[in-house]
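One letter stands for each residue in the lines below.
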Amino acid sequence: MSNIEKLMDAGKKCGIAIDEEQSRLMILYMEKLLIMNEKINVTRITDVDEFIEKHLIDSLTCLKFIHRDAKSILDIGTGGGFPGVPLAIMMPEAEITMMDATGKKLKVIENICREIGIKNVEFLHGRAEEFGKDPAYREGYDCIVSRAVANLCLLSELCLPLAKKGGQFIALKGKNYLEEMDDGEKAIKVLGGKITGIESCLLLQRDLVHVIILVDKVKNTPERFPRAFGKIKREPFPG
Ligand SMILES: C[S@@+](CC[C@H](N)C(=O)[O-])C[C@H]1O[C@@H](n2cnc3c(N)ncnc32)[C@H](O)[C@@H]1O
């Protein structure tokens, strides 16, 4: 079976319909990223089957939860482009912005996206807590997604200020999410969000359970958030 077929098949097993052209683009992205990864470390996953499951399919588990009318999606801490690049391939009508504090990684994914012709993407180099204070970006996105960046409390302070009122924040989490829920839930409420669902996603390996935390932005974020990163790290979230 070719890698293109493998990805379509894996999608089918996980309830995600991937057509041949979408699969071709994602596999091309993977191949180019793995070549670049030998020079600039972007991902520790280099085995193709593992990449398909843990990067491509895992990124797409949040697809069905994104509001159909979402036009602007921001991936905070995108790293090697996850979940942003697979979402951009699957949602050609939406504009996907990928943000990361590390410019080197962002340049790699930008170059690959340009090379393979993914057009509905933008790149923002910098820290989420700084963009969150900038009126040009604050409360400017329909949907914020983020995977493997920080615990739920910290992550919410980075992400929710950038979501529009009426928009969403979707956190892709590992199976240990429960430890983060108490503090995370309190912070989400103060930041103007409301948890509307916690969904588990079973990947191909049956023991690999990931969780998606769905948050609606129901109120504007108070102006004092986000705080500077040093403060976010050092001080507990003010209730
Ligand atoms: C572990 S990687 C995860 C990458 C990708 N989301 C994934 O799931 O494969 C975390 C990424 O978040 C970025 N990051 C961490 N804190 C950030 C912040 N405050 N603003 C923007 N990016 C941040 C890091 O530079 C890093 O690339």
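Residues numbered from 1 in each chain as written. Predicted model: local features only at pLDDT ≥ 70, side-chain atom pairs only at ≥ 80, totals over all residues. Heavy atoms only, no water.

The protein has the name Ribosomal RNA small subunit methyltransferase G in an unreviewed UniProt entry, where Eubacterium limosum is given as its organism. The heading Sequence similarities (unreviewed entry) in the UniProt record of the protein holds the text "Belongs to the methyltransferase superfamily. RNA methyltransferase RsmG family." In its Subcellular location (unreviewed entry) section, the UniProt entry covering the protein states "Cytoplasm". (UniProt positions renumbered as here; feature names shortened; annotations may be inferred.)

A.B. asks: Would you explain the UniProt feature "binding site: S-adenosyl-L-methionine" (unreviewed entry) in the protein in this entry?
C.D. replies: Under the local residue numbering, the UniProt record ascribes the feature "binding site: S-adenosyl-L-methionine" (unreviewed entry) to Gly77, Phe82, Asp100, Ala101, Thr102, Ala128, Glu129 and Arg147. Those annotated residues from the list above that line the largest pocket are Gly77, Phe82, Asp100, Ala101, Thr102, Ala128, Glu129 and Arg147. Considering the arrangement of structural elements, one finds Gly77 in the loop between strand S1 (72-76) and helix H4 (84-90). Among all residues touching Gly77, those that are not within four sequence positions of it are Met99, Asp100, Arg147 and Val149. Those residues in contact with Arg147 that sit more than four places away from it in its chain are Lys54, His55, Asp58, Gly77, Phe82, Pro83 and Leu172. (1 Å grid on protein atoms, 1.4 Å probe; cavity = no way out; pocket = protein on both sides within 12 Å on 5 of 7 lines; lining within 4 Å. Helix = DSSP H or I, 4+ residues; strand = E, 2+ residues; numbered from the N terminus. Contact = heavy atoms within 4.5 Å.)

A.B. asks: What is the right way to look at the nonpolar core in this model?
C.D. replies: When a protein is soluble and globular, its nonpolar side chains tend to lie buried together. Core analysis: the biggest nonpolar cluster contains 51 residues, and Tyr29, Leu33, Ile66, Ile73 and Ile170 have the highest contact counts within it. At 7 residues, the largest contribution of residues to this core is made by helix H2 (residues 20-36). In this view, Tyr29 contacts Gly80, Gly81, Phe82, Val85, Ile109, Ile112, Cys113 and Ile116; residues no more than four positions away in its chain are not counted. Core analysis: the second largest hydrophobic core is formed by 30 residues, Cys153, Ala187, Leu191 and Phe237 among them. (Core = buried A, V, L, I, M, F, W, Y, C linked by side-chain atoms within 4.5 Å. Buried < 20%, exposed > 50% of the residue type's maximum accessible area, 1.4 Å probe, protein only.)

A.B. asks: Even after reading the chapter, I still don't get the sheet that holds strand S3 (residues 121-125), so can you show me in this structure?
C.D. replies: Where strands meet in a sheet, backbone hydrogen bonds hold them as pairs that are either parallel or antiparallel. Here 7 strands make up an open sheet; going across it, the order is S3-S2-S1-S4-S5-S7-S6 and the pairing mixed. The open sheet is flanked by S3 and strand S6 (193-202), the only strands paired with a single partner. The average undirected angle you get between the axes of adjacent strands in this sheet is 20 degrees. Taken strand by strand, helix H8 (residues 178-190) contacts strand S5 (163-173), S6 and strand S7 (209-217), and its axis lies near 140 degrees from that of S6. (Pairing = 2+ DSSP bridges. Axes fitted to C-alpha atoms, helices over the stretch in contact; angles between N-to-C directions.)

A.B. asks: How do you make sense of the layout of surface pockets when you look at a structure like this?
C.D. replies: To find the voids left in a structure, one rolls a probe of water-molecule size over its atoms. Counted as a void, the largest pocket has a volume near 920 Å³. In terms of lining residues, the largest pocket is bounded by 40 residues, among which Gly77, Arg147, Ala148, Val149 and Ala150 are the most central. Sorting the residues of the lining of the largest pocket by element identifies helix H3 (48-60), strand S2 (95-100), helix H6 (128-131), helix H7 (152-159), S5 and helix H9 (229-234) as the ones contributing at least two each. For the lining of the largest pocket, the leading source of residues is H3, giving 3 residues. Among the residues making up the lining of the largest pocket, the classes are represented as 16 nonpolar, 12 polar and 12 charged. There is about 220 Å³ of room inside the second largest pocket. Contributing to the lining of the second largest pocket are 16 residues, with Cys153, Asp183, Glu235, Pro236 and Phe237 lying nearest its centre. If you list the elements that add at least two residues to the lining of the second largest pocket, you get H7, H8 and H9. (Points joined across faces, edges and corners; volume = space filled by probe spheres on them. Nonpolar A, V, L, I, M, F, W, Y, C, P; charged D, E, K, R; others polar.)

A.B. asks: Help me understand H8, please; the structure alone is not making it clear to me.
C.D. replies: Every α-helix winds through 3.6 residues per turn, so residues three or four apart in the chain are directed the same way. End to end, H8 covers 19 Å across 13 residues, agreeing with the expected 18 Å (1.5 Å per residue, within 8%). Along its length, H8 shows its largest kink, about 35 degrees, at Gly184. Looking at the buried side of H8, the elements it contacts are H7, S6 and S7. The first or second residue beyond H8 is Gly192, which carries a positive phi of 100 degrees. (Expected span 1.5 Å × (residues − 1). Bend = angle between axes of the 7 residues up to and from the residue.)

A.B. asks: Can you walk me through the pairing of S7 in this structure?
C.D. replies: Regular strands show a simple pattern: their side chains alternate between the two faces of the sheet. Here S5 runs beside S7; their pairing, made up of 6 bridges, is antiparallel. Considered in S7, the bridge of Leu172 is made with Ile212. Here S6 runs beside S7; their pairing, made up of 9 bridges, is antiparallel. Note that in S7 the partner of Ile195 across the bridge is Val215.

A.B. asks: Is there a simple way to think about the packing of aromatic side chains in this case?
C.D. replies: All told, the structure shown has 4 aromatic pairs when counted by the stated rule. Judged by centre distance (5.7 Å) and plane angle (80 degrees), the ring pair of Phe51 and Phe82 falls under edge-to-face. Of this pair, Phe51 sits in helix H3 while Phe82 sits in the loop between S1 and H4, and the two are 31 residues apart along the sequence. Each member of the pair, Phe51 as well as Phe82, carries the same accessibility label: buried. Ring centres of Phe225 and Phe237 lie 5.1 Å apart, and the angle between their planes is 10 degrees; this geometry places the pair in the stacked category. With a gap of 12 residues between them, Phe225 in the loop between S7 and H9 and Phe237 in the segment after H9 connect regions that are remote in the sequence. (Phe/Tyr/Trp six-rings, centres within 6.5 Å; stacked < 30°, edge-to-face > 60°.)

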